[in-house]
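# Examination of the molecular architecture
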Amino acid sequence: MSRIENEVKIKGLDTWLSEKDVTMRKLANRVGIHHASVKSIINKFREHYSLDELPGRGRKPGSSNPKLNQKVVSLIRKNKSMSIRDLAKKAGTSVGTIQRIKKRNNLKTYKKQKISKQSAEQKHRAATRARKWRRLL
């Protein structure tokens, strides 16, 4: 949705203030914007006596709870192999929040690598097979 420029707002408001018998639709046609926009501009002027943008417009910044942020960072630094789901459970928050905190603080978690439990004989057989493959290549 595009913003209406201040000159258009002022032109419409001047026309509305000078000509009391003009309808919203006629005024919208003169100015070149939708009649609902004209109505909202006039209502805003009636309430606040201003055409400026009101504070608090737009998307608010996300939750920036420093205690939660610190808790998650310390949990990750203690155990980098902990899953995001486990971190979320321990911190008492959602998985998405954990991901955002990780991204903001440039932290990475790692999955533990599984090491196969081989006996000495299995390791020896694997090594001999690997040598045979190397000779073939």
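Refer to the preceding data block for the structure.
Source: prediction; values computed, not measured.

A separate point is the packing of helix H4 (residues 66-78) against helix H6 (residues 95-104). H6 packs onto H4 with a crossing angle of 80° between their chain directions and a minimal axis gap of 10 Å. Regarding the angle of H4 to H6, the classification is roughly perpendicular. Residue-level contacts link Leu68, Asn69, Val72, Val73 and Ile76 of H4 to Thr97, Ile98, Ile101 and Lys102 of H6. By residue class, the composition of the contact of H4 with H6 is 6 nonpolar, 2 polar and 1 charged.

Attention shifts here to unusual backbone geometry. Even without being a glycine, Asn106 presents a positive backbone phi close to 50°. When its relative accessible area of 69% is taken as the criterion, Asn106 is described as exposed.

Below, the discussion takes up the pattern of salt bridges. For the structure on display, the rule yields 2 salt bridges. Here Arg30 and Glu19 are joined by a salt bridge, their closest N and O atoms 2.8 Å apart. Separated by 11 residues along the polypeptide, Arg30 in helix H2 (residues 24-31) and Glu19 in the loop between helix H1 (6-18) and H2 bring together distant segments of the chain. With a relative accessible area of 46%, Arg30 lands in the partly exposed category. According to the relative accessible area criterion, Glu19 is partly exposed, its value standing at 31%. Taking the shortest distance from any N to any O, the salt bridge between Arg125 and Glu121 comes out at 3.0 Å. Residue Arg125 and its partner Glu121 are located together in helix H7 (residues 120-136), separated by 4 residues, close to a single helical turn. Classification of Arg125 by relative accessible area gives partly exposed; the value is 39%. Relative accessible area serves as the criterion here: at 52%, Glu121 is assigned to the exposed category.

An α-helix turns once every 3.6 residues. As a result, residues three or four positions apart point the same way. Buried within helix H5 (residues 84-91) are the following residues: Leu87, Ala88 and Ala91. For H5, the arc enclosing every buried residue in end-on projection is 100°, short of the 170-degree limit, so these residues lie on one face. Relative to its buried face, H5 has exposed residues pointing more than 90 degrees away, namely Arg85, Lys89 and Lys90. Elements that come into contact with the buried residues of H5 comprise H4 and H6. Residue Gly92 follows H5 closely and has a positive phi angle near 75°.

Its 14 residues give helix H3 (residues 35-48) an end-to-end C-alpha distance of 20 Å, which sits within 8% of 20 Å, the value for a rise of 1.5 Å per residue. Taken together, the buried positions of H3 are Ser37, Val38, Ile41, Ile42 and Lys44. Summarising the axial view, the buried residues of H3 lie within an arc of 160°, below the 170-degree limit, and thus occupy one face. The elements touched by buried residues of H3 are H1 and H2. Taken from the residues just after H3, Tyr49 is the one with a positive phi, measuring 55°.

On to the environment of Asp14, then. Note on placement: Asp14 falls in helix H1. On the accessibility criterion, Asp14 (46% relative accessible area) is partly exposed. Residues Asp14 and Asn65, 51 residues apart in the sequence, show an inter-C-alpha distance of 46 Å.

Rules of the game
- Residues numbered from 1 in each chain as written.
- Predicted model: local features only at pLDDT ≥ 70, side-chain atom pairs only at ≥ 80, totals over all residues.
- Heavy atoms only, no water.
- Axes fitted to C-alpha atoms, helices over the stretch in contact; angles between N-to-C directions.
- Helix = DSSP H or I, 4+ residues; strand = E, 2+ residues; numbered from the N terminus.
- Parallel < 35°, antiparallel > 145°, perpendicular 65-115°, else oblique.
- Contact = heavy atoms within 4.5 Å.
- Nonpolar A, V, L, I, M, F, W, Y, C, P; charged D, E, K, R; others polar.
- Buried < 20%, exposed > 50% of the residue type's maximum accessible area, 1.4 Å probe, protein only.
- Salt bridge = Lys/Arg side-chain N within 4 Å of Asp/Glu carboxyl O.
- Arc of directions from axis to C-beta.
- Expected span 1.5 Å × (residues − 1).

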